[in-house]
Amino acid sequence: MDVRGAVQTIRRITPSSRTKNVFYQRSRLVGMSTQEAVGVGAGDLGRDSWDAVVVGAGTAGCYAAATIADAGYDVVIIERKSPEEAGHIACGDALKGADTFPDAIPKSQLEPAFTNTGVDHGRFEIPQEDTVLEIPVPGELAVVDRWTYGRKVIEGAADAGATFHYDTVVQDVRQTDDGTVTGVDAIRKGTPRTYDAEIVVDGAGALSILQDKADLADSTFDTNVTYSQFCSAYREIVHVDEPVEWSDALVFKPTERAAGYLWYFPRTETEINAGLGFQMTEEPMHLVDDLKRDLRNRAEFQGARVEDKLGAAIPTRRPYDSAVHPGFVAVGDAAGHVNPTTGGGIAGAAYAGTYAAEQAIEAMEQGTVDEDVLWRYNERVMDHFGARYAALDVYNILSTAVDIDELMGLLAAMPGEQIAEALYSGSANLGWGLKIKALLKARGHYGTVWNLYKTKQRADELLSHYEDYPSSPAGFDTWQAERDRLMESVYETTGADPKY
Ligand SMILES: Cc1cc2nc3c(=O)[nH]c(=O)nc-3n(C[C@H](O)[C@H](O)[C@H](O)COP(=O)(O)OP(=O)(O)OC[C@H]3O[C@@H](n4cnc5c(N)ncnc54)[C@H](O)[C@@H]3O)c2cc1C
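In this text the structure is predicted, and so the values were computed from the model without any measurement.

### Considerations on the overall build of the protein chain
Part 1 of the reasoning: The helix and strand inventory of the protein chain stands at 15 helices and 18 strands.
Part 2 of the reasoning: Expressed as a percentage of contacts within the protein chain between residues at least 6 apart in sequence, the contacts between residues at least 24 apart total 74%.
Part 3 of the reasoning: As presented, the protein chain carries roughly 20,200 Å² of accessible surface, and 47% of it is formed by carbon and sulfur atoms.

The structure is reproduced here in structure tokens:
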């Protein structure tokens with residue numbers, strides 16, 4: 001299946017005018033006047049030359065623009081959506097790491113969007129085993145009203161001094177003969193627009209068109225990106241009359257077919273984000289029908305009302321090996337900055353946007369936008385979360401090769417704390433007592449236990465290699481060759497089809 005076809009099929013489920021009314025109601029709820037909420041930061045529509053151009057008013061783009069504006073540079077965010085629709089993003093609304101956001105848009109500014117801060121564990125429903133696992137979620141977590149959050153991030157970038165050009169779709173990337181990116185071509189309401197800049201930040205999300213259009217072949221920029229590395233996901237916002245019993249938990253459940261999972265994340269006791277996704281290596285799932293079927297079978301959703309429907313692709317892959325090219329950096333989903341086992345990408349997007357912007361500022365101050373100067377951005381991403389996500393991707397790869405019932409049987413037998421640790425850290429350590437207990441419970445699943453044990457060794461080797469990420473582009477080819485060798489052994493151990 002062509003990935004763009006798949007994603008467009010999902011995106012066609014567009015918000016209705018009813019959804020827009022909900023938006024206007026929301027803007028009142030979060031204390032914004034409609035005037036403030038619509039077109040915040042918009043201006044300078046005729047201008048074609050900027051210090052920096054950021055494409056996409058999502059988390060990554062807004063943090064990047066806020067950081068650049070804070071440093072006194074002129075930055076414009078180009079956003080294809082209208083001022084009313086900007087910030088409305090398909091998401092499960094679970095914000096992991098809600099306690100530590102970069103300063104450019106402080107956490108205090110986002111907090112009005114945190115509708116549920118009482119969640120402290122995951123609830124894994126395993127119908128095959130008639131089991132429910134309660135697994136602690138380490139760190140701070142908030143379930144958010146995602147649209148309000150989106151507006152708050154936009155407001156934060158505007159407060160910092162970023163300009164917004166809405167209804168403007170980027171269609172091409174401008175490059176010099178030597179390949180340096182110097183701006184973008186866009187279209188606004190039928191009129192072509194040109195943007196020149198010292199540096200372009202690609203925050204256009206998963207499957208960014210900028211990377212299809214730009215010639216990035218002569219740099220380290222990762223172009224090894226295909227549909228099988230993405231997950232196709234869809235969610236609805238559902239209202240129920242009676243409070244759900246699990247309002248302090250993120251509920252997960254394996255889907256009936258294909259490697260994927262359903263989720264129920266409580267924004268409040270009566271407003272639930274219900275969704276599901278599957279890895280695009282699998283036979284396509286009928287996301288809307290499959291969700292509807294599960295909702296119908298759950299007593300707590302009898303008589304429920306659906307308020308909003310959205311879907312999109314998630315890069316459930318390792319982070320880009322390099323997200324820099326002369327004059328160009330990619331951030332957030334546009335650079336694979338998502339935890340590939342949970343699909344969580346908000347926190348990664350905020351940090352990636354910040355790190356990329358700090359390096360863009362350094363480049364502008366030095367008067368050169370070469371890869372050498374931008375490189376530190378790659379290093380900071382790998383150091384903070386990229387290495388961990390690359391190791392977690394090994395388990396994602398494993399999940400495409402093992403029998404899902406077998407894996408669920410094993411999961412049901414494992415101690416919850418260790419599953420949590422493995423989910424978030426990319427590795428897990430079992431004490432001897434727990435090891436013996438787990439092994440006794442895992443009787444009948446020893447083949448899978450052995451498989452998991454060998455896979456963990458591969459993941460640990462990979463993690464340690466990512467910890468030696470090169471400090472300049474000069475060491476990149478050698479590092480990448482060794483990483484590819486390690487990935488060969490991952491495919492050999494897991495029996496999975498190569499993903500990269
Ligand atoms: C169904 C689903 C559930 C998810 N659940 C969670 C979750 O619970 N927790 C979590 O942390 N993460 C979750 N994620 C992932 C998370 O939403 C993303 O990782 C995060 O939004 C990435 O932010 P971003 O700024 O990189 O991209 P985005 O938020 O996608 O922003 C990209 C922006 O670029 C704009 N744009 C795109 N192309 C163009 C163009 N050509 N011209 C102009 N503008 C353009 C878009 O309109 C958009 O505003 C989920 C994703 C999906 C799809």
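### Some details on helix α6 (residues 146-160)
Part 1 of the reasoning: Taking 1.5 Å per residue, 15 residues should reach 21 Å; α6 reaches 21 Å between its end C-alpha atoms and fits that length.
Part 2 of the reasoning: Buried residues dominate α6, accounting for 14 of its 15 residues.
Part 3 of the reasoning: Gly 161, located one to two residues past α6, shows a positive phi value of around 115°.

### Notes on helix α15 (residues 476-494)
Part 1 of the reasoning: If you check α15, its first and last C-alpha atoms are 26 Å apart, about what 19 residues at 1.5 Å a residue would give, namely 27 Å.
Part 2 of the reasoning: Those residues of α15 that sit buried are Phe 476, Trp 479, Arg 483, Leu 486, Met 487, Ser 489, Val 490, Tyr 491 and Thr 494.
Part 3 of the reasoning: One or two residues past the end of α15 sits Gly 495, with phi positive at roughly 75°.

### Considering unusual backbone geometry
Of all residues except glycine, most have a negative phi; of all peptide bonds, most are trans.
Part 1 of the reasoning: For Asp 167, which is not glycine, the phi torsion reads 55° and is therefore positive.
Part 2 of the reasoning: On the accessibility criterion, Asp 167 (21% relative accessible area) is partly exposed.
Part 3 of the reasoning: Of note, the phi angle at Lys 189 is positive, near 50°, even though the residue is not glycine.
Part 4 of the reasoning: Its place among the elements puts Lys 189 in the loop between β10 (181-188) and β11 (191-202).
Part 5 of the reasoning: Look at Lys 189 and you get exposed, because its relative accessible area is 69%.

### Here's the deal with the packing of helix α4 (residues 59-70) against α6
Part 1 of the reasoning: Look at α4 against α6: their axes get within 7 Å of each other, and the N-to-C directions meet at 20°. Here α4 is positioned roughly parallel relative to α6, judged by the angle of their axes. For the crossing formed where α4 meets α6, the hand is left-handed. Each of Thr 59, Cys 62, Tyr 63, Ala 66, Ala 69 and Asp 70 in α4 lies in contact with α6, whose residues at this interface are Arg 146, Tyr 149, Val 153, Ile 154, Ala 157 and Ala 160.
Part 2 of the reasoning: Split into classes, the residues belonging to the contact of α4 with α6 amount to nine nonpolar, one polar and two charged.

### Digging into the packing of helix α10 (residues 371-399) against α15
Part 1 of the reasoning: Between α10 and α15, the shortest axis-to-axis distance is 10 Å and the interhelical angle comes to 15°. Judged by the angle between their axes, α10 and α15 are roughly parallel. Here α10 runs over α15; the crossing is right-handed. Of the residues in α15, those touching α10 at Trp 375, Val 394, Ile 397 and Leu 398 are Phe 476, Met 487, Val 490, Tyr 491 and Thr 494.
Part 2 of the reasoning: Its residues assigned to classes, the contact of α10 with α15 shows eight nonpolar, one polar and no charged.

### A word on the pattern of salt bridges
Part 1 of the reasoning: For the structure on display, the rule yields 29 salt bridges.
Part 2 of the reasoning: With its nearest N and O atoms 3.3 Å apart, the salt bridge here joins Asp 241 to Arg 305. With Asp 241 in the loop between β12 (231-239) and β13 (249-254) and Arg 305 in strand β16 (residues 305-314), this residue pair connects regions lying 64 residues apart in the sequence.
Part 3 of the reasoning: A cluster of three or more residues bridged by salt bridges with shared partners is formed by Arg 123, Glu 125, Glu 134, Lys 253, Asp 294, Arg 298 and Glu 300.

### Quick look at the confidence of the model for the protein chain
Part 1 of the reasoning: Averaged over the protein chain, the pLDDT score is 87; the fraction of residues at 70 or greater is 83%.
Part 2 of the reasoning: With pLDDT under 50 throughout, residues 1-37 is counted as low confidence; its partners more than four residues away or in other chains account for 62 contacts.

### Considering the sheet that holds strand β7 (residues 141-144)
Part 1 of the reasoning: Pairing in this open sheet of three strands is antiparallel, and the strands run β3-β7-β4 from one edge to the other. The two strands at the open ends of the sheet, each matched to only one other strand, are β3 (94-96) and β4 (114-116). Strand after strand, the sheet turns through a mean of 50° between neighbouring axes, direction not considered.

### Re the nonpolar core
Part 1 of the reasoning: Among the nonpolar cores identified, the biggest contains 104 residues, and Val 53, Cys 62, Ile 68, Tyr 149, Phe 164, Val 184 and Tyr 377 are the most heavily contacted of them.
Part 2 of the reasoning: A per-element tally of this core places α10 first, with 15 residues.
Part 3 of the reasoning: Counting residues domain by domain, this core receives three or more from each of domain 1 (49-113 + 140-224 + 318-383) and domain 3 (390-494).
Part 4 of the reasoning: Core analysis: the second largest hydrophobic core is formed by 23 residues, Tyr 234, Val 251, Met 280 and Leu 291 among them.

### Comments concerning the site of the ligand
Part 1 of the reasoning: The local shell around the ligand holds 37 residues, among which Ala 60, Glu 79, Gly 92, Ala 94 and Asp 333 are the closest.
Part 2 of the reasoning: Between the ligand and the protein, one listed contact pairs a nitrogen atom with a backbone N or O atom of Gly 92 at 2.6 Å.
Part 3 of the reasoning: At the level of secondary structure, the elements contributing two or more residues to the shell around the ligand comprise α4, β9 (168-175), β14 (260-266), β16 and α9 (346-366).
Part 4 of the reasoning: In terms of residue count, β9 provides more of the shell around the ligand than any other element does, three residues in total.
Part 5 of the reasoning: Here the shell around the ligand spans two domains, and each of domain 1 (49-113 + 140-224 + 318-383) and domain 2 (229-315) adds at least three residues to it.

### Digging into the pairing of strand β2 (residues 75-78)
The two faces of a sheet get side chains in turn, since along a regular strand they alternate between them.
Part 1 of the reasoning: The two faces of β2 match: Val 75 and Ile 77 on one face and Val 76 and Ile 78 on the other face are all buried.
Part 2 of the reasoning: Across four bridges, the pairing between strand β1 (residues 49-55) and β2 is parallel. Each residue of the ladder has a partner; that of Val 54, found in β2, is Ile 77.
Part 3 of the reasoning: Crossover β1 to β2 through α4 is right-handed.
Part 4 of the reasoning: In terms of strand pairing, β2 meets strand β8 (residues 163-165) through three bridges, oriented parallel. Directly across from Ile 78, in β8, lies its bridge partner His 165.

### Some details on the environment of Ala 113
Part 1 of the reasoning: Take Ala 113: it is sitting in the loop between α5 (107-110) and β4.
Part 2 of the reasoning: When its relative accessible area of 0% is taken as the criterion, Ala 113 is described as buried.
Part 3 of the reasoning: Beyond its immediate stretch of four places on either side in the chain, Ala 113 contacts Val 143, Val 144, Asp 145, Thr 148 and Tyr 149.

### Focus: the packing of aromatic side chains
Part 1 of the reasoning: Overall, the coordinates contain 19 aromatic pairs when judged by the stated rule.
Part 2 of the reasoning: Between Tyr 63 and Phe 101 the ring centres are 6.0 Å apart and the planes differ by 35°, which places this aromatic pair in the tilted class. Placement of Tyr 63 in helix α4 and of Phe 101 in the loop between β3 and α5 is noted, with a sequence separation of 38 residues between them.
Part 3 of the reasoning: Classification of Tyr 63 by relative accessible area gives buried; the value is 0%.

Conventions we followed
Residues numbered from 1 in each chain as written. Predicted model: local features only at pLDDT ≥ 70, side-chain atom pairs only at ≥ 80, totals over all residues. Heavy atoms only, no water. Helix = DSSP H or I, 4+ residues; strand = E, 2+ residues; numbered from the N terminus. Contact = heavy atoms within 4.5 Å. Areas by Shrake-Rupley, 256 points an atom, 1.4 Å probe, with all protein chains shown as cover. Expected span 1.5 Å × (residues − 1). Buried < 20%, exposed > 50% of the residue type's maximum accessible area, 1.4 Å probe, protein only. Axes fitted to C-alpha atoms, helices over the stretch in contact; angles between N-to-C directions. Parallel < 35°, antiparallel > 145°, perpendicular 65-115°, else oblique. Left-handed = near helix turned anticlockwise from the far one by under 90°. Nonpolar A, V, L, I, M, F, W, Y, C, P; charged D, E, K, R; others polar. Salt bridge = Lys/Arg side-chain N within 4 Å of Asp/Glu carboxyl O. pLDDT = per-residue confidence, 0-100. Pairing = 2+ DSSP bridges. Core = buried A, V, L, I, M, F, W, Y, C linked by side-chain atoms within 4.5 Å. Domains from an automatic or database assignment. Near = heavy atom within 4 Å. Polar contact = N/O pair within 3.5 Å; in protein donor to acceptor, adjacent residues only side chain to side chain. Right-handed = clockwise from strand over helix to strand, strands pointing away. Phe/Tyr/Trp six-rings, centres within 6.5 Å; stacked < 30°, edge-to-face > 60°.

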